[in-house]
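Observations on chain architecture
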Amino acid sequence: MIKRITSDLELLLKFKPNRLKHIYGVKDTAISLGKKYNLDLRKLEIAALLHDITKYYSYEYNCEVIKKNYKNHEEILSEFNKATLHAFSAAVVAKEKYNITDNDIINAIISHTVGKPNMNLYEQILFISDYIEPTRKYDSCIKVRKIAESSLDKATYEAINDSINLYEGMNQLIPKTAYQARIYYKELTEE
Ligand SMILES: [Fe+2]
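Residues numbered from 1 in each chain as written. Predicted model: local features only at pLDDT ≥ 70, side-chain atom pairs only at ≥ 80, totals over all residues. Heavy atoms only, no water.

This brings us to the overall build of the chain. A tally of regular secondary structure across the chain gives 11 helices and 0 strands. Mapped in sequence order, the helices and strands of the chain form the string α-α-α-α-α-α-α-α-α-α-α. On C-alpha atoms alone, the chain measures out to a radius of gyration of 16 Å, which is about the 16 Å that the 2.2 N^0.38 rule sets for 191 residues. Considering the chain as a whole, with its 191 residues, one finds that 51% of them fall into the buried category. Restricting the contact set of the chain to residue pairs at least 6 apart, pairs at least 24 apart contribute 63%. Of the charged side chains in the chain, 28 are positive and 26 negative, and the gap between their average positions amounts to 5 Å. (Helix = DSSP H or I, 4+ residues; strand = E, 2+ residues; numbered from the N terminus. Rg over C-alpha atoms; globule rule 2.2 N^0.38 Å. Buried < 20%, exposed > 50% of the residue type's maximum accessible area, 1.4 Å probe, protein only. Contact = heavy atoms within 4.5 Å. Lys, Arg positive; Asp, Glu negative; His and termini not counted. Charge placed at Lys NZ, Arg CZ, Asp CG, Glu CD.)

Our next topic: the coordination of the iron ion. Within the protein, the iron ion binds to His22 (NE2), His51 (NE2), Asp52 (OD) and Asp130 (OD); these donor distances fall in the range 2.2 to 2.3 Å. Classification of the site at the iron ion rests on its 4 donor atoms, whose angles at the metal span 80 to 172°, yielding the label irregular. Along the chain, the residues donating to the iron ion fall in the pattern H-x28-H-D-x77-D. Taken together, the residues span a long stretch of sequence, with histidine 51 in the loop between helix 3 (41-50) and helix 4 (59-69) and aspartate 130 in helix 8 (residues 121-132) at a distance of 79 residues. A single burial state applies to histidine 51 and to aspartate 130, both of which are buried. (Donors = N, O, S within 2.8 Å, 3.2 Å for Na, K, Ca; no water. Tetrahedral: all angles 85-135°; square planar, octahedral: opposite > 155°, others 65-115°.)

So, about the packing of aromatic side chains. Evaluated as defined, the whole model comprises 4 aromatic pairs. Following the ring pairs from residue to residue traces out a cluster consisting of Tyr70, Phe80 and Phe88. Lying over the aromatic face of tyrosine 122, lysine 43 brings its terminal NZ or CZ to 4.8 Å of the ring centre. The ring of tyrosine 59 is capped by lysine 82, whose NZ or CZ atom sits 4.8 Å from the centre of that ring. (Phe/Tyr/Trp six-rings, centres within 6.5 Å; stacked < 30°, edge-to-face > 60°. Lys NZ or Arg CZ within 6 Å of the ring centre and 35° of its normal.)

With 62 residues, the main nonpolar core has Leu9, Leu50, Ile100, Ile109 and Ile128 as its most contacted residues. Sequence-distant contacts of isoleucine 128, that is, excluding residues within four places in its chain, are made with Leu33, Ala148, Leu152, Ala155 and Thr156. (Core = buried A, V, L, I, M, F, W, Y, C linked by side-chain atoms within 4.5 Å.)

A word on helix 4. Residues of helix 4 that are buried include every one of Asn62, Cys63, Val65 and Ile66, and no others. All buried residues of helix 4 lie within an arc of 165° about the axis, which places them on one face of the element. Every exposed residue of helix 4 that faces more than 90 degrees away from the buried side is listed here: Glu60, Glu64, Lys67 and Lys68. As for helix 4, its buried residues are in contact with helix 5 (73-79) and helix 6 (86-96). (Arc of directions from axis to C-beta.)

Bringing helix 11 (residues 176-190) into the picture now. Compared with an ideal rise of 1.5 Å per residue, which puts 15 residues at 21 Å, helix 11 spans 21 Å between its outermost C-alpha atoms and is within 8% of the ideal. Where helix 11 is buried, its residues contact helix 5, helix 8 and helix 10 (152-169). (Expected span 1.5 Å × (residues − 1).)

In this section: the pattern of salt bridges. Oppositely charged side chains can form a pair if their charged atoms are brought close together. Evaluation of the coordinates by the stated rule reveals 12 salt bridges. Lysine 146 serves as the salt-bridge partner of glutamate 149, at 3.2 Å between the closest nitrogen and oxygen. Residue classification places lysine 146 among the exposed positions, given a relative accessible area of 56%. As a salt-bridge pair, glutamate 190 and lysine 186 come within 3.1 Å of each other at their nearest N and O atoms. Taken as a pair, glutamate 190 and lysine 186 lie in helix 11 at a separation of 4 residues, close to a single helical turn. Note on glutamate 190: relative accessible area 53%, which makes it exposed. Bridged by salt links that share partners, the residues Lys143, Lys154, Glu158 and Asp162 form one connected network. (Salt bridge = Lys/Arg side-chain N within 4 Å of Asp/Glu carboxyl O.)

The subject of this paragraph is the packing of helix 2 (residues 17-36) against helix 3. Relative to each other, helix 2 and helix 3 sit at 155°, their axes nearing to 8 Å. Here helix 3 runs roughly antiparallel to helix 2, going by the angle between their axes. The handedness of the crossing between helix 2 and helix 3 comes out as right-handed. Residues Ile23, Tyr24, Val26, Lys27, Ala30, Ile31, Gly34 and Lys35 of helix 2 form the contact with helix 3, whose participating residues are Leu41, Leu44, Glu45, Ala48 and Leu49. Classifying every residue of the contact of helix 2 with helix 3 by side-chain character gives 9 nonpolar, 1 polar and 3 charged. (Axes fitted to C-alpha atoms, helices over the stretch in contact; angles between N-to-C directions. Parallel < 35°, antiparallel > 145°, perpendicular 65-115°, else oblique. Left-handed = near helix turned anticlockwise from the far one by under 90°. Nonpolar A, V, L, I, M, F, W, Y, C, P; charged D, E, K, R; others polar.)

Right under this line is the structure:
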């Protein structure tokens, strides 16, 4: 399975070497965090390899896939900005093309862009790994990378907060779940 996904990615992203580097960076980061928290590393590896597999779908095609596969498609399409829709189509590809049925993998892919409240460790680690993998060089990513060494919850809060601020600054749609996640992780880290 992992071999098949990797060779598909190599072909698909032949002309997007930075995206491929990003995906491998997410995989390595997720595996090293997964070891620390005693998780099933194979599940994390599959989730990391597939999380951006539809990153280059057009907006129109993402909409089509989402309408066909999600009962709550109206809510998704009215709340999530264009840059985040690939998470939903990537989960469909995981299920349909690679026959992934494991909910930890599917849900981690779906929530990797803006997070959600009360993520499980698979979801949280994919979310954080996407934000802090080594090719990310923004100040916020460097800051969150450091925080993740000691607290995943605090790192999650900071990543969500910075993402919301960034999207707000760009006047982009931000889903309710991102705001709810920000409150959830803020309260957790204040306990
Ligand atoms: Fe990503």
